[in-house]
Amino acid sequence: MEPVLLGAVTILALLEQAYFSLQVIYARRKYSVSPPNTTGSPEFNRVYRAQANCSEYFPLFITAMWIAGMFFNEGLSCVGGVLYLFGRLQYFWGYSTSPQGRLAPLYFCAKILWALIGCSALGILLSFSKLYLDTDLLLITADA
Amino acid sequence: MEPVLLGAVTILALLEQAYFSLQVIYARRKYSVSPPNTTGSPEFNRVYRAQANCSEYFPLFITAMWIAGMFFNEGLSCVGGVLYLFGRLQYFWGYSTSPQGRLAPLYFCAKILWALIGCSALGILLSFSKLYLDTDLLLITADA
Amino acid sequence: MEPVLLGAVTILALLEQAYFSLQVIYARRKYSVSPPNTTGSPEFNRVYRAQANCSEYFPLFITAMWIAGMFFNEGLSCVGGVLYLFGRLQYFWGYSTSPQGRLAPLYFCAKILWALIGCSALGILLSFSKLYLDTDLLLITADA
Ligand SMILES: N[C@@H](CCC(=O)N[C@@H](CS)C(=O)NCC(=O)O)C(=O)O
Ligand SMILES: N[C@@H](CCC(=O)N[C@@H](CS)C(=O)NCC(=O)O)C(=O)O
Ligand SMILES: N[C@@H](CCC(=O)N[C@@H](CS)C(=O)NCC(=O)O)C(=O)O
């Protein structure tokens, strides 16, 4: 089994999500918000939403990183992946502090995610033209 | 790396989710619902929930499409995938307009998802009998 | 295509999530909570949150099980997977009954998830040292 680096970054992503979940559990205790409630003081709401937002994007991120890594370039995708995870940590801490604190890291993460989606699309295009059109687009571009 | 078509539909799915997220961001501005709040006017709530529901099903959809595509039939799964994504677009627009507007596309998407899960199960069954029972169920059926 | 057992457990996971979704739809009818609303009587809120929590962890679970299964040991990961899904069923039923009812199954599921993440990390470490350091850590440990 080969894509070891993608696997390693994926484990980092899992650990980060576990950390976010634990923070929500601590915030539930600290601000006395018992399940099934999901709202309380503004402080709690921000921690809760920070984790919810990261969870919502987790599948998109994992999918984009793996497609980019398998079809385009594993190393590059993993660098993107680590940057994204770093950005999400900043997002979580920023959002926990104030709603404004989430914005800069959010823009950063969005850019990385778009880059991963772009690399995925490029990789699929190259593989597609090789597999179905028997054409190596990279060679054509190099010739031009 | 082979499953190019599955990869292509997956990228479509990512773009669709990005579109839904952007619509929520626009709706937050239009109806003045600042994070960490998640409720406001009924119009906002519908857009917010439409995206939330699509996000919730995204991992199920991707998983079902890939298992069906890898173990059963890639082309068929991708056709199912494109139909599902089309249905989700209708769901999002329908739900944004009225709660009733979500129903017809939802039933459509549910049917496709069940079909993908069914194809996954069939594919796993065929692979299982080949790998572990050394039996080709398709040949047996063809003989009968 | 090989990882048949992982595929089989994944289909189980999809069926379980479908079951949870249907329970929310029934609860919406029973307790008259029409979309886009997501809160109502405590009974409804618990069913709603039980499904939401399971959905939130679904991508983490699938990811951890597949990485552990591909890089460490497929059979072991699938046993973990089945136990996790069993625990999630208990979580859903327990949470639907009372907030306290979710706790024991939650701890159980968390332990399994940590075990899967641990196996993933171990598998990645072994593959990494083989692929990049040309060292078989298992042999070294056996020699020691
Ligand atoms: N979204 C979760 C994240 C953390 C978590 O998994 N919490 C456990 C233990 S408090 C839980 O059962 N949460 C109940 C729920 O999500 O409704 C939460 O809001 O609590
Ligand atoms: N579920 C998100 C979808 C769009 C999104 O990612 N929004 C960004 C920029 S407004 C965000 O940080 N949302 C805060 C949140 O999800 O609590 C939302 O409700 O806003
Ligand atoms: N989270 C969903 C789970 C079940 C589901 O998918 N329900 C469909 C049919 S009632 C739906 O369109 N739900 C609207 C929503 O999620 O806002 C819910 O709350 O309803």
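What this report covers is the structure whose coordinates are included nearby. (Residues numbered from 1 in each chain as written. Chains lettered and ligands numbered in written order. Predicted model: local features only at pLDDT ≥ 70, side-chain atom pairs only at ≥ 80, totals over all residues. Heavy atoms only, no water.)

Points about the interface of chain B and chain C
Across the contact, 24 residues belong to chain B and 23 residues belong to chain C. Across the interface of chain B and chain C, roughly 2,000 Å² is buried in total on both sides, 79% from carbon and sulfur atoms. One can count 0 salt bridges joining chain B with chain C. Taken together, the connections running from chain B to chain C amount to 3 residue pairs in polar contact (both at pLDDT 80 or more). Every element with two or more residues in the side of chain B that touches chain C is listed here: α2 (42-71) and α4 (103-132) of chain B. Ranked by residues supplied to the side of chain B that touches chain C, first place goes to α2 of chain B with 12 residues. In the side of chain B that touches chain C, the residues fall into 16 nonpolar, 4 polar and 4 charged. (Contact = heavy atoms within 4.5 Å. Buried area = accessible area lost by both parts, 1.4 Å probe. Salt bridge = Lys/Arg side-chain N within 4 Å of Asp/Glu carboxyl O. Polar contact = N/O pair within 3.5 Å; in protein donor to acceptor, adjacent residues only side chain to side chain. Helix = DSSP H or I, 4+ residues; strand = E, 2+ residues; numbered from the N terminus. Nonpolar A, V, L, I, M, F, W, Y, C, P; charged D, E, K, R; others polar.)

Structural notes on the relation of the copies chain C and chain A
For the pair of chain copies, the relating operation is a rotation around an axis with a shift along it. When chain C is brought onto chain A, the operation consists of a screw motion whose angular component is 120° and whose axial shift is 0.0 Å, with 0.0 Å RMSD remaining. Such values leave the two copies arranged in the relation of a three-fold axis. Rotation axis and chain C: the residue whose C-alpha lies nearest the axis is Pro59 of chain C, separated from it by 3.6 Å. Comparing interface residues between copies, only 4% of those in chain C also lie at the interface in chain A; the contact surfaces differ. (Least-squares fit on C-alpha atoms with pLDDT ≥ 70 in both.)

Examining a nonpolar patch on the surface
Nonpolar side chains collect at one region of the surface, where Leu12, Leu15, Leu22, Ile25, Tyr26 and Val82 of chain A together with Trp114 of chain C lie side by side and expose about 610 Å² of accessible area between them. Of all the elements, helix α1 (residues 4-30) of chain A adds the most residues to the nonpolar patch, at 5 residues. Looking at the secondary structure, you find Leu15 of chain A in helix α1. (Patch = residues over 30% accessible without salt bridge, like charges linked within 9 Å, V, L, I, M, F, W, Y side chains within 5 Å. Areas by Shrake-Rupley, 256 points an atom, 1.4 Å probe, with all protein chains shown as cover.)

Digging into the site of ligand 1
The environment of ligand 1 is made up of 15 residues, and the closest members are Arg28 of chain A together with Asn53, Tyr57, Tyr91 and Arg102 of chain C. Near ligand 1, the surrounding residues are drawn from chains A and C. Within the contact set of ligand 1, an oxygen atom lies 2.7 Å away from a side-chain nitrogen or oxygen of Tyr57 of chain C. Within the side chain of Arg102 of chain C, an N or O atom sits 2.7 Å from an oxygen atom of ligand 1. Across the shell around ligand 1, the residue classes break down as 8 nonpolar, 3 polar and 4 charged. (Near = heavy atom within 4 Å.)

Structural notes on the relation of the copies chain B and chain C
Superposition record for chain B on chain C: RMSD 0.0 Å, screw rotation 120°, translation along axis 0.0 Å. When the interface residues of chain B are mapped onto chain C, a mere 4% of them again fall at the interface, so the copies present different faces.

Here's the deal with the interface of chain C and chain A
In many reports, interface size means the accessible area that the parts give up when they come together. Each side of the interface is counted separately: chain C has 24 residues, and chain A has 23 residues. Three residues, Arg49, Leu60 and Phe71 of chain C, lead the burial of chain C against chain A; their summed loss comes to 22% of the area buried on that side. Counting every contact that joins chain C to chain A gives 0 salt bridges. Summed over the shared surface of chain C and chain A, the number is 3 residue pairs in polar contact (both at pLDDT 80 or more). Among the secondary structure elements, those contributing two or more residues to the side of chain C that touches chain A are α2 (42-71) and α4 (103-132) of chain C. By residue class, the composition of the side of chain C that touches chain A is 16 nonpolar, 4 polar and 4 charged.

Considering the site of ligand 3
In the neighbourhood of ligand 3, 15 residues make up the surrounding shell, with Asn53, Tyr57, Tyr91 and Arg102 of chain B together with Arg28 of chain C lying closest. In this structure, a nitrogen atom belonging to ligand 3 sits 3.1 Å away from a side-chain N or O atom of Glu56 of chain B. For ligand 3, the accessible surface in isolation is 440 Å², of which the surrounding protein chains cover 97%. Counting residues per element, the ones that place at least two in the shell around ligand 3 are α2 and α3 (74-97) of chain B together with α1 (4-30) and α2 of chain C. Residue composition of the shell around ligand 3, grouped by class: 8 nonpolar, 3 polar and 4 charged.

A word on unusual backbone geometry
If a residue is not glycine, its phi is most likely negative; likewise, a peptide bond is most likely trans. Residue and element names in this part refer to chain A. Cis peptide bonds are those with omega within 30 degrees of zero, and the linkage from Pro35 to Pro36 qualifies with 5°. Residue placement: Pro36 occurs in the loop between α1 and α2 (42-71). Positioned with a positive phi, Ser32 is a non-glycine residue whose angle comes to about 50°. If you trace the backbone, Ser32 turns up in the loop between α1 and α2. Residue class for Ser32 comes out exposed when judged on its relative accessible area of 62%. (Buried < 20%, exposed > 50% of the residue type's maximum accessible area, 1.4 Å probe, protein only.)

Regarding α2 of chain A
All names here are of chain A. With 30 residues, α2 should reach 44 Å at 1.5 Å per residue; the first-to-last C-alpha distance of 43 Å fits that figure. Largest kink in α2: about 35°, centred on Tyr57, with the proline Pro59 one to four residues after it. Burial analysis of α2 places 26 of its 30 residues in the buried class, which makes it a mostly covered element. (Expected span 1.5 Å × (residues − 1). Bend = angle between axes of the 7 residues up to and from the residue.)

Side note on the nonpolar core
Ranked by size, the top nonpolar core spans 81 residues in total, and within it Phe61 and Tyr84 of chain A, Phe61 and Tyr84 of chain B together with Phe61 and Tyr84 of chain C carry the most contacts. Residues contacting Phe61 of chain B, with those up to four places away along its chain left out, are Ala13, Gly81, Tyr84, Leu85, Leu113 and Leu116 of chain B. (Core = buried A, V, L, I, M, F, W, Y, C linked by side-chain atoms within 4.5 Å.)

Some points on the environment of Arg46 of chain B
Inspection of the secondary structure puts Arg46 of chain B in helix α2. Here the alpha-carbon distance between Arg46 of chain B and Asn73 of chain B, two residues 27 residues apart in the chain, equals 36 Å.

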